[in-house]
Amino acid sequence: MNTLVLKNITKRYGDDIAVNNFNAEIHQNELITIVGPSGCGKTTTLRMIAGFIDPTEGQITLDGVDLVNKEKNVYTEPEKRGIGMVFQSYAVWPHMNVFKNVSYPLKLRKVNKEEMTRRTREVLRLVHLEKYENSFVHELSGGQQQRVALARALVMEPRLLLLDEPLSNLDAALRETMRSEIKEIQRKTGITIINVTHDQIEAMTMSDRVIIMSKGNIVQVGSPEEIYNNPVNSFVANFIGSSNVIKATVVKLDGEVMTVKLLGHEIQLPKGKQVLNQDGFVSVRPHHVLIDPSSPMKGKVIRKLYMGDRVEYHLDFNGEEVRMITDAENKLNIDDIIGVQIKYGLWLDE
Amino acid sequence: MLEKEYETVKPIQNNKLKLPSLQNIIWWVIVGLLIFTVFYPSIVLVLKSFTTDGALSFDNYIKIFTDPSILRSMTNSLIVVVPSTIIATILAVILAWIVARTNLPGKGIWQSLLVIPYLIPPFIGAISWTYLLGPVGYINKWIMEIFNLTEPLFDIYSIGGMIFVMSIYGFAIPYIVILPAMKNINASIEESARISGATTFRTLIDITIPVLAPAIIGGALLLFMYEMADFGLPAVLGAPDQINLMTTQIYYTILSPDMPNHLEIAGAQSMLLVLIGLVGLWIHSKYTKSSKFVVVSGKSPSAELTKLGKWKWVAFGFVFIVVLLTVVAPILAILATSLTRVYGLPLDGSNITFNNFLKIFELDYTQRSIWNSFTLSVIAGVVVSFTGLMVAYMTIKGKARGTKVMNALIALPYAVPGTIVALAMILSFSRPIPIVEWQLYGSYMILLIAYLARFMNLGVQTLSGAISQIDSSLEEASRISGASKTRAFWDIVFPLLRPSLYSAFFLVMMPALGEISLSSLLWSVGNETIGVSVFSAQMEGKVTLTAALAIILLLFTMLINQIVRIVSRGKVGI
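Just so you know, these numbers come straight off a predicted model, no measurement behind them.

1. Concerning the overall build of chain A
Part 1: A tally of helices and strands in chain A yields eight helices and 21 strands.
Part 2: Taken over the C-alpha atoms alone, chain A extends approximately 75 × 50 × 35 Å along its principal axes.
Part 3: Looking at chain A residue by residue over its 350 residues, the buried ones come to 54%.
Part 4: Long-range contacts, defined as pairs at least 24 residues apart, comprise 63% of the intrachain contacts of chain A with a sequence gap of at least 6.
Part 5: Accessible area for chain A stands at about 16,200 Å²; split by element, carbon and sulfur atoms hold 47% of it.
Part 6: The distance from the centre of the 43 positive side-chain charges to the centre of the 45 negative ones in chain A is 5 Å.

Take a look at the structure:
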């Protein structure tokens, strides 16, 4: 069942298009992440769902009810949407203690005192803040403020929870803890979550599905595995998992296999809809570049980044740079000439 | 080779055997001046307040709590200042919200118009309202004609009149404090309330205003202290019916030589007013320094403006009325009066004249007063900005001893009412200084000393702000390149501070030109200031001349404000 449907959502500021014809169906109990570089329109999209930005065109439907429908001139104020949201800066109100912050949505809904206390305490337990009921913002750490914001968004049991880069202000270790906690809370409550981030690792580890945006457009939608294994173009290949995107030309088609020429040499890839002599790119993950002294494909080591268990080498092939990640046991030096083999590559039209 | 190069660098090493540096000399000169102009007069004031007929006693304090007219002045002060502070603060919150957070059209223009009251000296504002709501004021006459009344409807020379004028001029102070806070409030603080289910109005009441409480209360307290300390406004509006507030009561006590120990009694009254000010200051610093309200501000989207919809005209009308009452009507009233031949008659062809302005340049004392105010404010501006630079620099960057005491001494004359500073000067310098036999009281010098003491704080504050903006690494980079401390100051810090130095100069000049509370007690024949001329012309009933002088003063003030804005690139000034 579809919970949230976005149809032809477009937001223009004068002649600038912030979001262009965004279409998506978000299912119940799903954690979907919108990811992309800054300025890609992901936050604008989220704020249109929340109701802080009115789209120029399109329709947003939650559980079959129109929140926004530009054709019928429907626009629901944010306070009438019943959506939970966690802001990047947490936005914990400094003049209220934790309990008052979290119970505020219930107070607005005129929930009676007993139930308000019960539900507030319950959600505080869910985010492990039961001991901090009476604390104020300035007494809390960043991670705790984040939990307050999360509890406040969850307390009214919304159908949909929006997360606007909620982890970007936290340090690396805390970010990992919060990632699994959000996942855990989703499992317990069965809530639908839309998360916005520019962090591809966050997108890959947390999400059921990922929407990749660039310059206002959706580039690809799919599960993390699909996106990692089958990026639709060089932007996605580069953005997710930082592939080498190497210029290539199709030189031979043979059944299920095709031969492409890249870096001055020929390699074989699984065939798709390609035609002979077509120019394009091949995406190669750095760990799919293997050292092979017997290979005729020779490159020069120009940079070495030591990462403990692994080493990343930057290799130069007549002006084209290719990154290779290998075990730390392979000890190469700057200016060494080595032979490599490409174990796996994926053809990209653009 | 290497060693040789090292050799050439060596002479930069500090020579420790040196005479006291220039910095030290300047430091001690400033300390000396502060002792002479602030510390000594303060001690004299405190001691005198406990002296009756030359002996220590509490009689002065007993007197001020038993004398009916002095007691009356205390209650009057509270009756006038408390309501006008509340009204002005409410006005300020509403105006700041409309200007900062709504889609009211033409906000830029409103924003500049709303701060003009801040530039109008309160006694000029009060005078302008006597032209509108005085017995023959334009509005009163107009209402009498329309409704066929025989008596004027409003009496500006009353408690109510004072509350009214104080409120509409006072709002500028809390407004200036609240506006930036209102603008910088983290948008997601409000958005999270909206998404939790609160309407725009509910968000304003539950979230926005409470979060801004420190700014609102801080602004209100500043205004309270400012109004308690103000002399010009109550002097103008209270004089005809002898309604005195604490400041004007002190003024009249000082000017009652028939009353035994009158200066000492005025001293006791002053101590009470100072005490009120200190309590206000204490609450203010407690509130504004509380860390409770510090909000984590990540990068957050700029706040969406509230769409006023059908309320647009209500908001527009409200702002329009405020601007009309505080800027348009008063300035037009002064202008009209300054161009009238006979005050009270309508301004038409036969009654229009330019003579009032010519008269200013014919009368000896008005001419002198313009010259005196001009030279006093220029000298004060130059001295204060340079001293301010030195004090601020040594306080922030250097580790000079006693900076805390020094800054307190500098802040004191600005924090207490001008009337009290003048009293302290009278008590300290009315007799010739022993040994050198200088007679300061009754001279131009006493005005200059009083101005310097009073406005020094403006220089230190402006330059402290500017210096703390300069990252110390800029100076350190110059030191590591081989510049001495002094050299680094003149090559790096000073050029960066130059705009702030100009700003400090004009920021002192502006209030100094229209100064009234010090001058009204310290002037003497030959040493009048513009403020004194306006004030005495008003008291003598020379209405049209007063208006012409007021116009000249307003023109000067607005001009200087424009210069401040230009030299500070919009950072200082209104």
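More follows now that the structure is in view.
2. So, the sheet that holds strand 8 (residues 160-164) of chain A
Residues and elements named next belong to chain A.
Part 1: Taken together, six strands build an open sheet; the order of strands is 7-8-9-3-10-11 and the sheet is mixed. The open sheet has two free edges, formed respectively by strand 7 (83-86) and strand 11 (217-222), since each of these has just one partner strand. Each neighbouring strand pair of the sheet contributes to a mean axis angle of 20 degrees, computed without reference to strand direction.
Part 2: Across five bridges, strand 10 (residues 209-214) lies against strand 11 in antiparallel orientation. Bridge assignment links methionine 213 to a residue of strand 11, and that residue is isoleucine 218.
Part 3: Strands strand 3 (31-35), strand 7, strand 8, strand 9 (192-197) and strand 10 of the sheet are contacted by helix 1 (residues 42-50), whose axis makes an angle of about 145 degrees with strand 8.

3. Observations regarding the pattern of salt bridges
Part 1: Evaluation of the coordinates by the stated rule reveals 24 salt bridges over all chains.
Part 2: Taking the shortest distance from any N to any O, the salt bridge between glutamate 77 of chain A and arginine 194 of chain B comes out at 2.5 Å. One end of the pair, glutamate 77 of chain A, is in the loop between strand 6 (74-75) and strand 7; the other, arginine 194 of chain B, is in helix 11 (residues 187-196), on a second chain.
Part 3: On the basis of relative accessibility, which here comes to 34%, the residue glutamate 77 of chain A falls in the partly exposed class.

4. Topic: the pairing of strand 9 of chain A
Note on strand geometry: in a regular strand, side chains alternate between the two faces of the sheet.
Residues and elements named next belong to chain A.
Part 1: The element strand 9 is largely enclosed, with a buried count of six among its six residues.
Part 2: Here strand 9 shows a buried face lined by Thr192, Ile194 and Val196 and a second buried face lined by Ile193, Asn195 and Thr197.
Part 3: Pairing geometry for strand 8 and strand 9, over five bridges, is parallel. Residue pairing for strand 9: leucine 161 is matched across the bridge by isoleucine 193.
Part 4: For the handedness criterion, the β-α-β arrangement of strand 8, helix 5 (residues 172-189) and strand 9 is classed as right-handed.

5. Section: the confidence of the model for chain B
Residue and element names in this part refer to chain B.
Part 1: When the pLDDT values of chain B are averaged, the result is 84; 92% of them are 70 or greater.
Part 2: The model gives residues 294-300 a pLDDT under 50, and that stretch makes 14 contacts with residues more than four places away or in other chains.
Part 3: Both scores are available for the predicted complex, with the pTM at 0.78 and the ipTM at 0.72.

6. Here we look at helix 7 (residues 122-133) of chain B
Part 1: The end-to-end C-alpha distance of helix 7 of chain B, which contains twelve residues, comes to 16 Å, matching closely the 16 Å that a straight helix rising 1.5 Å per residue would cover.
Part 2: Along helix 7 of chain B, twelve of the twelve residues are buried, which leaves the element largely enclosed by surrounding structure.

7. Here's the deal with the packing of aromatic side chains
Residue and element names in this part refer to chain B.
Part 1: The full count for this structure, using the stated rule, is 23 aromatic pairs over all chains.
Part 2: Aromatic side chains tryptophan 313 and phenylalanine 316 sit 5.6 Å apart centroid to centroid with 70 degrees between the ring planes, which places their arrangement in the edge-to-face category. Taken together, the residues span about one helical turn, with tryptophan 313 and phenylalanine 316 both in helix 17 (residues 312-338) at a distance of three residues.
Part 3: Taking relative accessible area as the criterion, phenylalanine 316 reaches 28% and is therefore assigned partly exposed.
Part 4: Seen in terms of ring centroids, phenylalanine 316 and phenylalanine 320 are 6.5 Å apart; in terms of plane orientation they differ by 10 degrees. Their pairing is stacked. Taken together, the positions of phenylalanine 316 and phenylalanine 320, both in helix 17 and four residues apart, correspond to about one turn of that helix.

8. Considerations on the sheet that holds strand 20 (residues 337-342) of chain A
Residue and element names in this part refer to chain A.
Part 1: Sheet architecture is open: five strands sit in the order 16-20-17-18-19, paired in antiparallel fashion. The strands lining the two open edges of the sheet, one partner per strand, are strand 16 (289-291) and strand 19 (320-327). Strand-to-strand twist of the sheet, defined as the mean angle between neighbouring strand axes without regard to direction, takes the value 50 degrees.
Part 2: Pairing between strand 18 (residues 310-317) and strand 19: eight bridges, direction antiparallel. Along strand 19, the bridge assignment pairs aspartate 316 with glutamate 321.

What counts and what doesn't
- Residues numbered from 1 in each chain as written.
- Chains lettered and ligands numbered in written order.
- Predicted model: local features only at pLDDT ≥ 70, side-chain atom pairs only at ≥ 80, totals over all residues.
- Heavy atoms only, no water.
- Helix = DSSP H or I, 4+ residues; strand = E, 2+ residues; numbered from the N terminus.
- Buried < 20%, exposed > 50% of the residue type's maximum accessible area, 1.4 Å probe, protein only.
- Contact = heavy atoms within 4.5 Å.
- Areas by Shrake-Rupley, 256 points an atom, 1.4 Å probe, with all protein chains shown as cover.
- Lys, Arg positive; Asp, Glu negative; His and termini not counted.
- Charge placed at Lys NZ, Arg CZ, Asp CG, Glu CD.
- Pairing = 2+ DSSP bridges.
- Axes fitted to C-alpha atoms, helices over the stretch in contact; angles between N-to-C directions.
- Salt bridge = Lys/Arg side-chain N within 4 Å of Asp/Glu carboxyl O.
- Right-handed = clockwise from strand over helix to strand, strands pointing away.
- pLDDT = per-residue confidence, 0-100.
- Expected span 1.5 Å × (residues − 1).
- Phe/Tyr/Trp six-rings, centres within 6.5 Å; stacked < 30°, edge-to-face > 60°.

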